[in-house]
Amino acid sequence: CFLFFHQRAAVTRFQALGFSHTYFLPLAAPQRRQPVMDADALKAYRCALSFVGASMLQEKEAAHQAILRCGPKSAAVLAQLEGWLTDLARGPADDVQFSGLMANPQWVHAGLMNLAPMLQITPEAWLELLDGWLAYLLRRSRVSALAQYQLQVYGDAAWSAVSTHYRGYANHQAQLNLIYAASAVNLDVPRVYQRDIVNMRVFDIMSCGGVVLSEWKEDLATWFTPNAHLVLYKNSDELLAAVERLAGYSPARLQAMGQAAREAILENHQLTHRVEVMLRTLD
């Protein structure tokens, strides 16, 4: 049995379970992600900064639904959690080193953990719900903070209450190629509990020749050259500073960065490269 994971922590967990043939294998770019050269098709999507992603409202609502099982105490518990998670999103969770409550249960005081039996769920499931709610708050905060830069937002309808530049749902086929290729800069805001994963969106954007503005990850900083292939930030202050800096770049400089990123993808990060690794491992 050979197991391949795009999350390094999963490799360690499954090795501890006795699976000896367990390997790290990152995600990669599929062939359907390509630059778009049709100026007329790109025109409607031209912008300085865009973001594509779920609002994660469903994750927050799932936590709310669980808390309603507290009965008369529900309103007080919701208010307490809203305040605590909002402060956490503005503080420790704003930094890339924070990898979620599931990975750092010490952040949750005993009183909150004691709610799990009352909600008739396991402590792990409770932490997972809190992580989803926290990720919702942080993503919403960052998108809201970039409204002054006319960030174009694509995703579910919940974004319409957050951004005056909400553009609707983005089809995951050809429309994503248009968005990534037409945007001068493409923002990536990972989920708090997935900060140890280089997600598919980064590879997709680069494949289309787009410029990626993403949270810092050790793998990203190793596989690509920051400020040559992409731009990285470690917290909301660095994000705002990066947006300001990129706004001063010429179109030619941004285009060169996007092209360099695409070349790096074509050289090392296509799905064919991952299959080759799997075949060599089997050999």
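Reading the values: rules and limits
Residues numbered from 1 in each chain as written. Predicted model: local features only at pLDDT ≥ 70, side-chain atom pairs only at ≥ 80, totals over all residues. Heavy atoms only, no water. Helix = DSSP H or I, 4+ residues; strand = E, 2+ residues; numbered from the N terminus. Expected span 1.5 Å × (residues − 1). Buried < 20%, exposed > 50% of the residue type's maximum accessible area, 1.4 Å probe, protein only. Arc of directions from axis to C-beta. Contact = heavy atoms within 4.5 Å. Polar contact = N/O pair within 3.5 Å; in protein donor to acceptor, adjacent residues only side chain to side chain. Pairing = 2+ DSSP bridges. Axes fitted to C-alpha atoms, helices over the stretch in contact; angles between N-to-C directions. Parallel < 35°, antiparallel > 145°, perpendicular 65-115°, else oblique. Nonpolar A, V, L, I, M, F, W, Y, C, P; charged D, E, K, R; others polar.

1. So, helix H11 (residues 236–247)
Logical step 1: Here H11 contains 12 residues, and its C-alpha end-to-end distance of 17 Å stays within 8% of the 16 Å for a straight helix at 1.5 Å per residue.
Logical step 2: Among all positions in H11, only Ser236, Leu239, Ala242, Val243 and Leu246 are buried. Taken around the axis of H11, the buried residues stretch over an arc of 115°, which confines them to a single face.
Logical step 3: Among the structural elements, strand S3 (47–52), helix H7 (123–145), strand S5 (183–187), strand S6 (212–215), strand S7 (231–233) and helix H12 (251–268) are those in contact with the buried residues of H11.
Logical step 4: Capping of H11 at its N-terminal end is provided by Asn235; its side-chain oxygen lies 3.1 Å from the backbone amide nitrogen of Asp237.

2. Notes on the sheet that holds S7
Logical step 1: Ordered by their spatial adjacency, 5 strands build an open sheet running S4-S3-S5-S6-S7, and the pairing between neighbours is parallel. Unpaired on one side and paired on the other, strand S4 (152–154) and S7 mark the two borders of the sheet. Neighbour-to-neighbour, the strand axes of this sheet turn through a mean angle of 25°, independent of strand direction.

3. Brief notes about unusual backbone geometry
Logical step 1: The phi angle at Met56 is positive, at roughly 70°, despite the residue not being glycine.
Logical step 2: Tracing the chain through its elements places Met56 in the loop between S3 and helix H3 (57–67).
Logical step 3: The residue Gln120 is not glycine, and still its phi comes out positive at about 60°.
Logical step 4: Among the structural elements, Gln120 can be located in the loop between helix H6 (115–118) and H7.

4. Points about the packing of helix H9 (residues 200–207) against H12
Logical step 1: For the pair H9 and H12, the least separation of the axes is 7 Å and the interaxial angle reads 115°. In terms of orientation, H9 lies roughly perpendicular with respect to H12. For the pair formed by H9 and H12, the contact residues are Phe203, Met206 and Ser207 on the first element and Gly258, Ala261, Arg262 and Ile265 on the second.
Logical step 2: Split into classes, the residues belonging to the contact of H9 with H12 amount to 4 nonpolar, 2 polar and 1 charged.

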